[in-house]
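Chain by chain, the residues run as shown.
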Amino acid sequence: MIDHHYQCIVPDHHYQCIVSLFKMVLITGGVFTMGTDDPGISQDGEGPARKTHIKQFYMDTYEVANAEFERFVRATSHSTEAEIFGDSFVFEGLLSDKVKSTITQAVAAAPWWLPVKGASWKHPEGPDSNITKRMDHPVVHVSWQNAVAYCTWAGKRLPTEAEWEYACRGGLENRIFPWGNKLQPKGQHYMNIWQGDFPHHNTADDGYASTAPVTAFPANGYGLFNMVGNAWEWTSDWWTVHHTTDELENPIGPPSGTDKVKKGGSYMCHKSYCYRYRCAARSQNTPDSSASNLGFRCAADVLPDYLR
Ligand SMILES: *[C@@H]1O[C@H](CO)[C@@H](O)[C@H](O)[C@H]1NC(C)=O
Ligand SMILES: [Cu+2]
(Lines give C-alpha, C1' and ligand atoms only; values in the text may rest on other atoms or scores of the structure.)
(Ligands and ions follow the chains in the order given, each with its own letter.)
Protein backbone atom coordinates (compact mmCIF):
# COMPACT_ATOMS: atom_id res chain seq x y z
CA MET A 1 0.00 0.00 0.00
CA ILE A 2 1.19 3.49 -0.74
CA ASP A 3 2.24 5.15 2.42
CA HIS A 4 0.80 8.68 2.13
CA HIS A 5 0.90 9.52 5.78
CA TYR A 6 4.26 8.22 6.82
CA GLN A 7 5.53 10.17 9.78
CA CYS A 8 8.34 9.10 11.98
CA ILE A 9 7.48 9.48 15.65
CA VAL A 10 10.28 7.67 17.43
CA PRO A 11 13.58 7.23 15.59
CA ASP A 12 16.05 4.79 17.12
CA HIS A 13 19.68 5.73 17.68
CA HIS A 14 20.46 5.00 14.02
CA TYR A 15 17.61 7.33 12.98
CA GLN A 16 15.70 4.33 11.68
CA CYS A 17 12.05 4.88 12.27
CA ILE A 18 10.74 2.46 14.86
CA VAL A 19 7.37 4.03 15.50
CA SER A 20 5.38 5.74 12.78
CA LEU A 21 1.79 6.87 12.70
CA PHE A 22 1.05 5.05 9.47
CA LYS A 23 1.97 1.44 9.86
CA MET A 24 -0.70 -0.80 8.45
CA VAL A 25 -0.51 -3.95 6.39
CA LEU A 26 -3.17 -5.22 4.00
CA ILE A 27 -4.58 -8.51 5.23
CA THR A 28 -5.97 -10.37 2.24
CA GLY A 29 -9.42 -11.85 2.74
CA GLY A 30 -9.92 -15.57 3.13
CA VAL A 31 -11.39 -18.34 5.20
CA PHE A 32 -9.83 -19.69 8.39
CA THR A 33 -10.62 -21.84 11.39
CA MET A 34 -11.58 -19.54 14.24
CA GLY A 35 -11.36 -20.80 17.82
CA THR A 36 -10.29 -24.30 18.71
CA ASP A 37 -11.72 -27.71 19.62
CA ASP A 38 -8.81 -28.12 22.02
CA PRO A 39 -9.36 -25.14 24.31
CA GLY A 40 -6.63 -24.08 26.70
CA ILE A 41 -9.22 -22.50 28.99
CA SER A 42 -12.63 -24.02 28.34
CA GLN A 43 -14.75 -21.50 30.27
CA ASP A 44 -13.45 -18.73 27.97
CA GLY A 45 -15.53 -19.91 24.99
CA GLU A 46 -12.56 -20.67 22.77
CA GLY A 47 -14.53 -23.35 20.96
CA PRO A 48 -15.90 -24.85 18.94
CA ALA A 49 -13.59 -24.45 15.96
CA ARG A 50 -15.60 -22.83 13.18
CA LYS A 51 -14.96 -21.86 9.57
CA THR A 52 -14.95 -18.09 9.32
CA HIS A 53 -14.75 -15.90 6.25
CA ILE A 54 -12.96 -12.58 6.49
CA LYS A 55 -12.92 -9.85 3.87
CA GLN A 56 -9.73 -7.89 3.30
CA PHE A 57 -8.81 -5.18 5.78
CA TYR A 58 -5.83 -3.26 7.08
CA MET A 59 -4.24 -4.05 10.41
CA ASP A 60 -1.74 -2.03 12.43
CA THR A 61 1.54 -3.92 12.34
CA TYR A 62 2.13 -3.14 16.00
CA GLU A 63 0.29 -2.07 19.13
CA VAL A 64 -0.38 1.66 19.50
CA ALA A 65 2.71 3.05 21.21
CA ASN A 66 2.94 5.75 23.87
CA ALA A 67 4.45 8.16 21.32
CA GLU A 68 1.43 7.75 19.07
CA PHE A 69 -1.06 8.10 21.89
CA GLU A 70 0.73 11.24 23.02
CA ARG A 71 0.20 12.81 19.58
CA PHE A 72 -3.48 11.96 19.80
CA VAL A 73 -3.80 13.52 23.25
CA ARG A 74 -1.94 16.64 22.10
CA ALA A 75 -4.20 16.98 19.07
CA THR A 76 -7.51 16.30 20.81
CA SER A 77 -6.96 17.00 24.54
CA HIS A 78 -8.55 13.59 25.14
CA SER A 79 -8.66 12.51 28.79
CA THR A 80 -8.50 8.79 29.43
CA GLU A 81 -10.98 7.15 31.77
CA ALA A 82 -8.14 6.25 34.15
CA GLU A 83 -7.32 9.96 34.41
CA ILE A 84 -10.98 10.85 34.93
CA PHE A 85 -11.56 8.11 37.56
CA GLY A 86 -8.27 9.02 39.21
CA ASP A 87 -6.93 5.48 39.39
CA SER A 88 -6.17 2.36 37.38
CA PHE A 89 -5.12 -1.23 38.05
CA VAL A 90 -1.39 -1.93 38.26
CA PHE A 91 0.26 -5.31 38.71
CA GLU A 92 1.71 -5.22 42.24
CA GLY A 93 5.03 -6.66 41.06
CA LEU A 94 5.71 -3.37 39.24
CA LEU A 95 5.06 -1.15 42.24
CA SER A 96 7.53 0.31 44.69
CA ASP A 97 7.01 -0.59 48.37
CA LYS A 98 6.21 3.07 48.96
CA VAL A 99 3.27 3.03 46.53
CA LYS A 100 2.12 -0.42 47.69
CA SER A 101 1.98 0.70 51.31
CA THR A 102 -0.60 3.37 50.42
CA ILE A 103 -3.10 0.89 48.91
CA THR A 104 -5.64 -1.05 50.91
CA GLN A 105 -8.24 -2.31 48.45
CA ALA A 106 -7.59 -5.36 46.28
CA VAL A 107 -9.36 -7.74 43.90
CA ALA A 108 -10.15 -10.87 45.90
CA ALA A 109 -9.81 -13.29 42.99
CA ALA A 110 -6.62 -11.65 41.73
CA PRO A 111 -4.84 -9.99 44.66
CA TRP A 112 -1.89 -8.99 42.46
CA TRP A 113 -4.03 -6.23 40.93
CA LEU A 114 -3.94 -3.01 42.91
CA PRO A 115 -5.93 0.15 42.17
CA VAL A 116 -3.27 2.84 42.12
CA LYS A 117 -4.23 6.50 42.50
CA GLY A 118 -2.81 8.57 39.69
CA ALA A 119 -1.87 5.56 37.54
CA SER A 120 -2.52 6.36 33.88
CA TRP A 121 -0.99 5.94 30.44
CA LYS A 122 1.52 8.70 31.30
CA HIS A 123 2.24 7.27 34.75
CA PRO A 124 1.92 3.48 34.35
CA GLU A 125 3.01 2.64 37.92
CA GLY A 126 1.51 5.71 39.57
CA PRO A 127 2.45 9.40 39.85
CA ASP A 128 6.15 8.75 40.50
CA SER A 129 6.55 6.80 37.26
CA ASN A 130 6.73 8.03 33.68
CA ILE A 131 7.03 6.83 30.09
CA THR A 132 10.07 8.88 29.04
CA LYS A 133 12.08 5.74 28.27
CA ARG A 134 9.04 3.84 26.98
CA MET A 135 7.73 5.97 24.11
CA ASP A 136 7.97 2.93 21.81
CA HIS A 137 6.15 0.63 24.25
CA PRO A 138 2.41 -0.08 23.95
CA VAL A 139 0.17 2.49 25.57
CA VAL A 140 -1.59 0.90 28.57
CA HIS A 141 -4.21 2.06 31.08
CA VAL A 142 -6.50 2.87 28.15
CA SER A 143 -10.14 1.81 28.28
CA TRP A 144 -12.11 0.43 25.33
CA GLN A 145 -13.70 3.87 24.85
CA ASN A 146 -10.24 5.50 24.81
CA ALA A 147 -9.06 2.96 22.23
CA VAL A 148 -12.08 3.66 20.02
CA ALA A 149 -11.44 7.40 20.32
CA TYR A 150 -7.82 6.96 19.25
CA CYS A 151 -8.63 4.74 16.28
CA THR A 152 -11.38 7.11 15.13
CA TRP A 153 -8.98 10.06 15.34
CA ALA A 154 -6.45 8.10 13.25
CA GLY A 155 -9.13 7.37 10.61
CA LYS A 156 -9.23 3.75 11.72
CA ARG A 157 -11.35 1.48 13.95
CA LEU A 158 -10.82 -1.44 16.32
CA PRO A 159 -10.55 -4.87 14.70
CA THR A 160 -13.36 -7.36 15.25
CA GLU A 161 -12.38 -10.43 17.27
CA ALA A 162 -12.54 -12.50 14.07
CA GLU A 163 -10.28 -10.09 12.18
CA TRP A 164 -7.87 -10.01 15.10
CA GLU A 165 -7.66 -13.79 15.30
CA TYR A 166 -7.31 -14.17 11.53
CA ALA A 167 -4.46 -11.63 11.63
CA CYS A 168 -2.89 -13.39 14.64
CA ARG A 169 -2.67 -16.67 12.75
CA GLY A 170 -0.55 -15.06 10.06
CA GLY A 171 -1.80 -17.38 7.31
CA LEU A 172 -1.21 -20.59 9.28
CA GLU A 173 -4.13 -22.98 9.85
CA ASN A 174 -4.89 -24.46 13.26
CA ARG A 175 -1.69 -23.45 15.00
CA ILE A 176 -1.46 -22.41 18.62
CA PHE A 177 0.81 -19.39 18.20
CA PRO A 178 1.23 -16.84 15.37
CA TRP A 179 4.37 -18.74 14.24
CA GLY A 180 3.35 -22.38 14.86
CA ASN A 181 2.99 -24.76 17.78
CA LYS A 182 6.34 -24.48 19.54
CA LEU A 183 6.52 -22.13 22.51
CA GLN A 184 10.17 -21.33 21.82
CA PRO A 185 11.28 -22.27 18.29
CA LYS A 186 15.02 -23.07 18.34
CA GLY A 187 15.10 -22.05 21.98
CA GLN A 188 14.31 -18.42 21.11
CA HIS A 189 11.65 -16.28 22.74
CA TYR A 190 8.95 -15.19 20.29
CA MET A 191 6.85 -13.14 22.67
CA ASN A 192 6.82 -11.19 25.91
CA ILE A 193 5.13 -13.32 28.57
CA TRP A 194 5.91 -14.39 32.16
CA GLN A 195 8.78 -16.74 32.91
CA GLY A 196 9.11 -18.02 36.47
CA ASP A 197 6.69 -18.44 39.30
CA PHE A 198 3.60 -16.22 38.90
CA PRO A 199 2.93 -13.80 40.58
CA HIS A 200 6.03 -13.73 42.78
CA HIS A 201 9.00 -14.07 40.50
CA ASN A 202 9.39 -13.07 36.86
CA THR A 203 12.80 -14.15 35.62
CA ALA A 204 12.22 -11.98 32.51
CA ASP A 205 14.12 -14.57 30.51
CA ASP A 206 12.50 -13.09 27.39
CA GLY A 207 14.15 -9.75 28.20
CA TYR A 208 11.14 -7.98 29.74
CA ALA A 209 9.46 -7.98 33.14
CA SER A 210 6.86 -5.50 31.92
CA THR A 211 6.02 -4.15 28.45
CA ALA A 212 8.48 -4.43 25.55
CA PRO A 213 8.89 -2.12 22.53
CA VAL A 214 6.03 -2.64 20.09
CA THR A 215 8.42 -3.99 17.45
CA ALA A 216 10.26 -6.42 19.76
CA PHE A 217 10.32 -10.13 18.78
CA PRO A 218 9.83 -11.56 15.28
CA ALA A 219 6.76 -10.54 13.25
CA ASN A 220 4.29 -13.21 12.11
CA GLY A 221 3.60 -14.24 8.50
CA TYR A 222 1.57 -11.06 7.92
CA GLY A 223 4.28 -8.81 9.35
CA LEU A 224 2.44 -8.25 12.65
CA PHE A 225 4.35 -7.85 15.91
CA ASN A 226 3.34 -8.94 19.41
CA MET A 227 -0.09 -10.28 18.53
CA VAL A 228 0.41 -12.53 21.54
CA GLY A 229 2.08 -11.35 24.71
CA ASN A 230 3.22 -7.83 25.58
CA ALA A 231 -0.15 -6.05 26.01
CA TRP A 232 -3.69 -7.40 25.79
CA GLU A 233 -5.52 -5.82 22.85
CA TRP A 234 -9.11 -4.58 22.79
CA THR A 235 -11.39 -5.72 19.96
CA SER A 236 -14.74 -4.24 18.90
CA ASP A 237 -16.83 -7.31 19.87
CA TRP A 238 -19.07 -7.72 22.90
CA TRP A 239 -18.21 -10.81 24.93
CA THR A 240 -20.03 -14.12 24.71
CA VAL A 241 -18.85 -17.68 25.34
CA HIS A 242 -21.59 -19.18 23.18
CA HIS A 243 -20.42 -20.11 19.69
CA THR A 244 -21.63 -22.70 17.20
CA THR A 245 -19.97 -24.49 14.32
CA ASP A 246 -22.02 -22.38 11.87
CA GLU A 247 -19.87 -20.98 9.09
CA LEU A 248 -19.89 -17.18 9.44
CA GLU A 249 -18.86 -14.26 7.24
CA ASN A 250 -17.19 -11.29 8.91
CA PRO A 251 -18.77 -11.95 12.32
CA ILE A 252 -18.99 -8.93 14.61
CA GLY A 253 -20.05 -10.61 17.87
CA PRO A 254 -23.30 -10.11 19.81
CA PRO A 255 -25.25 -6.86 19.34
CA SER A 256 -24.83 -5.89 23.00
CA GLY A 257 -23.27 -7.03 26.23
CA THR A 258 -21.49 -5.93 29.37
CA ASP A 259 -17.89 -6.76 28.49
CA LYS A 260 -15.68 -6.33 25.44
CA VAL A 261 -13.39 -9.05 24.07
CA LYS A 262 -9.65 -8.62 24.51
CA LYS A 263 -7.13 -10.85 22.77
CA GLY A 264 -3.50 -11.92 22.88
CA GLY A 265 -2.55 -12.11 26.55
CA SER A 266 0.18 -9.97 28.07
CA TYR A 267 3.60 -9.92 29.73
CA MET A 268 1.84 -11.22 32.84
CA CYS A 269 0.57 -14.45 31.28
CA HIS A 270 2.01 -17.76 32.43
CA LYS A 271 0.70 -21.21 31.53
CA SER A 272 0.01 -21.95 35.20
CA TYR A 273 -2.82 -19.44 35.48
CA CYS A 274 -3.26 -17.50 32.23
CA TYR A 275 -2.58 -19.70 29.22
CA ARG A 276 -3.95 -16.99 26.98
CA TYR A 277 -0.99 -16.07 24.78
CA ARG A 278 -2.59 -18.08 21.96
CA CYS A 279 -4.52 -16.89 18.88
CA ALA A 280 -7.70 -18.74 19.92
CA ALA A 281 -7.53 -17.49 23.51
CA ARG A 282 -9.72 -14.63 24.68
CA SER A 283 -10.75 -12.74 27.74
CA GLN A 284 -12.98 -9.83 28.65
CA ASN A 285 -13.28 -6.55 30.51
CA THR A 286 -15.95 -3.90 30.90
CA PRO A 287 -15.39 -1.14 28.32
CA ASP A 288 -14.39 1.39 31.00
CA SER A 289 -11.66 -0.88 32.43
CA SER A 290 -8.01 -0.02 32.29
CA ALA A 291 -4.90 -1.80 33.52
CA SER A 292 -1.13 -1.86 33.23
CA ASN A 293 -1.18 -4.70 30.71
CA LEU A 294 -4.07 -3.69 28.44
CA GLY A 295 -3.62 -1.78 25.18
CA PHE A 296 -4.82 -2.03 21.58
CA ARG A 297 -4.06 -1.73 17.90
CA CYS A 298 -6.33 -0.42 15.15
CA ALA A 299 -7.67 -1.89 11.91
CA ALA A 300 -9.24 -0.18 8.89
CA ASP A 301 -11.55 -0.96 6.01
CA VAL A 302 -10.17 -1.21 2.51
CA LEU A 303 -11.94 1.48 0.53
CA PRO A 304 -13.30 0.55 -2.88
CA ASP A 305 -11.08 1.78 -5.72
CA TYR A 306 -13.43 4.63 -6.66
CA LEU A 307 -13.04 6.17 -3.20
CA ARG A 308 -9.26 5.96 -3.00
C1 LIG B 1 11.07 9.73 34.72
O2 LIG B 1 11.45 8.68 35.58
C3 LIG B 1 12.85 8.57 35.73
C4 LIG B 1 13.15 7.28 36.46
O5 LIG B 1 12.25 7.06 37.50
C6 LIG B 1 13.39 9.82 36.39
O7 LIG B 1 14.78 9.72 36.53
C8 LIG B 1 13.05 11.02 35.52
O9 LIG B 1 13.45 12.21 36.14
C10 LIG B 1 11.55 11.06 35.24
N11 LIG B 1 11.29 12.09 34.24
C12 LIG B 1 10.34 12.99 34.39
C13 LIG B 1 10.15 13.95 33.26
O14 LIG B 1 9.65 13.07 35.38
CU1 LIG C 1 -0.18 -8.03 22.16
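A short tour of the structure in this document, coming up. As the structure is a computational prediction, the values presented were derived from the model and not from experiment. (Residues numbered from 1 in each chain as written. Chains lettered and ligands numbered in written order. Predicted model: local features only at pLDDT ≥ 70, side-chain atom pairs only at ≥ 80, totals over all residues. Heavy atoms only, no water.)

**A few points about the coordination of the copper ion (ligand 2)**
Quick note on the threshold: The donor set comprises N, O and S atoms within 2.8 Å of the metal, extended to 3.2 Å for Na, K and Ca; water molecules are omitted, so apparent gaps in a site may simply reflect that omission. Only protein chains enter the accessibility calculation, which uses a 1.4 Å probe; a residue is then buried when its area is under 20% of its type maximum, exposed when over 50%, and partly exposed in between.
Each protein donor to the copper ion (ligand 2) is listed here as Glu63 (OE), Asn226 (O), Gly229 (O), Ala231 (O) and Glu233 (OE); together their distances run 2.1 to 2.6 Å. All donors to the copper ion (ligand 2) come from one chain, and their sequence spacing reads E-x162-N-x2-G-x1-A-x1-E. The pair formed by glycine 229 and glutamate 233 is uniform in burial state, with each residue classed as buried.

**With respect to the sheet that holds strand 11 (residues 232–238)**
Let me state the cut-off plainly: For two strands to pair, DSSP has to find at least two bridges joining them. Only DSSP runs of H or I with at least four residues qualify as helices, and only runs of E with at least two residues qualify as strands; both kinds are numbered from the N terminus onward.
Strand order in the open sheet formed by 4 strands is 14-13-11-15, with mixed pairing between adjacent strands. Only two strands of the sheet have a single partner each, and these edge strands are strand 14 (283–285) and strand 15 (294–295). Where strand 13 (residues 260–263) meets strand 14, 3 bridges bridge the pair, whose relative direction is antiparallel. Along strand 14, the bridge assignment pairs lysine 260 with asparagine 285.

**Re the state of the cysteines**
What counts is decided by this rule: Here, the term disulfide refers to a pair of cysteine sulfur atoms separated by no more than 2.5 Å.
One pass over the structure, following the stated rule, counts 3 disulfides. One disulfide in the model links cysteine 168 with cysteine 279; its S-S distance is 2.2 Å. Its torsion about the S-S bond being -75°, the disulfide of cysteine 168 and cysteine 279 is classed as left-handed. Residue cysteine 168 is found in helix 5 (residues 161–169), and its partner cysteine 279 is found in the loop between strand 13 and strand 14; the two are separated by 111 residues along the sequence. The residues cysteine 168 and cysteine 279 share a single accessibility class, namely buried. Bridging cysteine 269 to cysteine 274, the disulfide has an S-S length of 2.3 Å.

**Notes on empty space enclosed by the protein**
How we decide: Put simply, the grid is 1 Å and covers the protein atoms alone, a cavity is a trapped set of points that fit a 1.4 Å probe, a pocket is an open set with protein on both sides within 12 Å along at least five of seven lines, and lining residues have an atom within 4 Å of a point. Grid points are joined across faces, edges and corners, and a volume is the space filled by probe spheres set on the points. Three classes are used: nonpolar for Ala, Val, Leu, Ile, Met, Phe, Trp, Tyr, Cys and Pro, charged for Asp, Glu, Lys and Arg, and polar for all others, with Gly counted as polar.
Per the counting criterion, the structure on display carries 2 cavities of 30 Å³ or more. Estimated volume of the largest cavity: approximately 70 Å³. Along the wall of the largest cavity there are 15 residues; nearest its centre are Pro124, Arg134, Pro138, Val140 and Thr211. Among the residues making up the lining of the largest cavity, the classes are represented as 8 nonpolar, 5 polar and 2 charged. Estimated volume of the second largest cavity: approximately 60 Å³.

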